[in-house]
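Each chain, written out:
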Amino acid sequence: MGKSVMVTYALWAVGGPLGLHHLYLGRDSHALLWMLTLGGFGFGWVREFIRIPAYVAEANQGTEKERRRQPSIGPVRFAGQLCVGIYFGTVALIGLNSLRFFYLIVLPLCVGAGVHLVSSVGQQTSDLQKTLTTCLLTSPIFYGSTFSPLPISLAASVTAAQHRRFKPPQTPGTTQELGPRLYKLGLAWLAFSAPLGYCIFHNTTATLYYLSDCVAALLDIFWFLPWLRSVLEYILLMPYRILCIFTGGGYYEEAWRKVLEILLKEYTEKEKEALQVLSLEVEASPEEISRTYRELAKKWHPDHNPSKDAEAMFMRIQEAYEVLLRHHRPRRFK
């Protein structure tokens, strides 16, 4: 029985971020990807509005047509492989970093699984063994780095693109029933979410501190573009705004506010170094920071201090003060 475009659009609108329309079309890898990333972080779900007719035609046509050529390299697929590989690696850093040989085995395997999942979407796939081998060979170079998922995912994405191929054609009538397919998807979803859920509920503080470092580092990159930083903050606060719409505020609003304050106001490593330069504690208020800065600036100003190290120290104090000023800049939570 052929698939309907109208039914596919309806499922896309109702449960698109969860992959219901892909499940209907028999695209289980795509459905799993959407379940784990909520519709490709939202962007993929929106993009599919113009892609659905092609998906339906592909599902109705089947795989009887023999494919002799290697599939072309798509920039969207490559970008998806890179982003999902980083995403899987970040989840592993949060939920599995206490395991032995994490940076040598666990992290590269998680990144490789994310890259291969994207490469297997639709009628294409890649060589899983070569993708995972690339991840295992790349991971020791960036051992212990928080940003190691990026280069590992990039290397794996290049390997997957080089060894891309079409999936073998299926024999008519061999499509599995819905029950076993849902069972496999459910196991995959549990394997992905269980370590992350355990870490969040049993190690909340450490998880928030790690997330806050990542978020603060991301926002600090765009300090010279205040409008772009504001846009990123707005996106990060979107769950809080949506929650306020449905709950009307109250206890849940305050809980979200506290979580977001931790995420957006936790000190980064650079800001901790600035505190050390000014000999301040983490709890120092903006007034204390300004007062200490004025005292140290007066003490180390080259016009008042004949020491040969005075100018360099004065510059360090100035830079530290500017870093802490950016940290304490008022944020809009409403």
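As a reminder, the structure under discussion sits directly above these lines.
The notes below deal with the structure included here. (Residues numbered from 1 in each chain as written. Predicted model: local features only at pLDDT ≥ 70, side-chain atom pairs only at ≥ 80, totals over all residues. Heavy atoms only, no water.)

This part takes up the overall build of the chain. Check the secondary structure of the chain and you find 17 helices and 2 strands. Counting every position in the chain, which comprises 334 residues, the buried fraction comes to 37%. In the chain, the share of contacts with a sequence separation of at least 24, taken over all contacts with a separation of at least 6, comes to 68%. Surface exposure of the chain reaches about 20,200 Å², of which carbon and sulfur atoms provide 64%. (Helix = DSSP H or I, 4+ residues; strand = E, 2+ residues; numbered from the N terminus. Buried < 20%, exposed > 50% of the residue type's maximum accessible area, 1.4 Å probe, protein only. Contact = heavy atoms within 4.5 Å. Areas by Shrake-Rupley, 256 points an atom, 1.4 Å probe, with all protein chains shown as cover.)

The next subject is the packing of helix α3 (residues 28-41) against helix α6 (residues 75-95). Where α3 contacts α6, the two axes come as close as 12 Å, and the packing angle between them is 120°. Classed by the angle they form, the pair α3 and α6 counts as oblique. In this structure, the crossing between α3 and α6 has a hand that is right-handed. Residues Leu33, Leu36, Thr37 and Phe41 of α3 pack against Val84, Tyr87 and Phe88 of α6. When grouped by side-chain class, the residues that make up the contact of α3 with α6 number 6 nonpolar, 1 polar and no charged. (Axes fitted to C-alpha atoms, helices over the stretch in contact; angles between N-to-C directions. Parallel < 35°, antiparallel > 145°, perpendicular 65-115°, else oblique. Left-handed = near helix turned anticlockwise from the far one by under 90°. Nonpolar A, V, L, I, M, F, W, Y, C, P; charged D, E, K, R; others polar.)

With the rule as written, the count across this model stands at 11 aromatic pairs. For the cation-ring pair, Lys3 lies above Tyr24, with the distance from its terminal atom to the ring centre recorded as 4.8 Å. Over the face of the ring belonging to Tyr55 we find Arg27, whose NZ or CZ atom lies 4.1 Å from the ring centre. (Phe/Tyr/Trp six-rings, centres within 6.5 Å; stacked < 30°, edge-to-face > 60°. Lys NZ or Arg CZ within 6 Å of the ring centre and 35° of its normal.)

This part is about the packing of helix α7 (residues 102-119) against helix α9 (residues 149-162). When two helices pack together, their arrangement is given by the angle between their axes and by how far apart the axes lie. Running from N to C, α7 and α9 cross one another at 40°; their axes reach a closest spacing of 9 Å. Here α7 is positioned oblique relative to α9, judged by the angle of their axes. Judged by the twist between their axes, the crossing of α7 over α9 is right-handed. Contacts between α7 and α9 involve Leu107, Pro108, Val111, Val115 and Ser119 on the former and, on the latter, Pro149, Ile152, Ser153, Ala156, Ser157 and Ala160. Taken together, the residues of the contact of α7 with α9 sort by class into 8 nonpolar, 3 polar and no charged.

Oppositely charged side chains can form a pair if their charged atoms are brought close together. Overall, the coordinates contain 2 salt bridges when judged by the stated rule. Two residues, Arg27 and Glu58, come together in a salt bridge whose shortest N-O distance is 2.8 Å. Of the two residues, Arg27 is situated in the loop between α2 (20-24) and α3 and Glu58 in helix α5 (residues 52-61); the sequence distance between them amounts to 31 residues. Residue classification places Glu58 among the partly exposed positions, given a relative accessible area of 26%. (Salt bridge = Lys/Arg side-chain N within 4 Å of Asp/Glu carboxyl O.)

Tracing the sequence through the fold places Ala194 in helix α10 (residues 178-202). Overall, the relative accessible area of 44% leaves Ala194 in the partly exposed class. The sequence separation of Ala194 and Gly95 amounts to 99 residues, and the corresponding C-alpha distance is 8.6 Å.

Counting 16 residues, the largest nonpolar core has Leu278, Leu280, Ile289, Ile317 and Leu324 as its most contacted members. Sorting the residues of this core by element identifies α15 (269-277), α16 (286-300) and α17 (310-327) as the ones contributing at least two each. (Core = buried A, V, L, I, M, F, W, Y, C linked by side-chain atoms within 4.5 Å.)

This part covers α6. The end-to-end C-alpha distance of α6, which contains 21 residues, comes to 30 Å, matching closely the 30 Å that a straight helix rising 1.5 Å per residue would cover. Gly80, Gln81, Leu82, Val84, Gly85, Phe88, Gly89, Val91, Ala92, Leu93, Ile94 and Gly95 are the residues of α6 that are buried. (Expected span 1.5 Å × (residues − 1).)

A cluster of nonpolar side chains, Phe101, Leu104, Ile105, Leu109, Leu136 and Tyr143, forms an exposed patch at the surface whose accessible area comes to about 550 Å². Sorting elements by how many residues they give to the nonpolar patch places α7 first, with 3 residues. Mapped onto the elements of the fold, Leu104 is located in helix α7. A relative accessible area of 34% places Leu104 in the partly exposed class. (Patch = residues over 30% accessible without salt bridge, like charges linked within 9 Å, V, L, I, M, F, W, Y side chains within 5 Å.)

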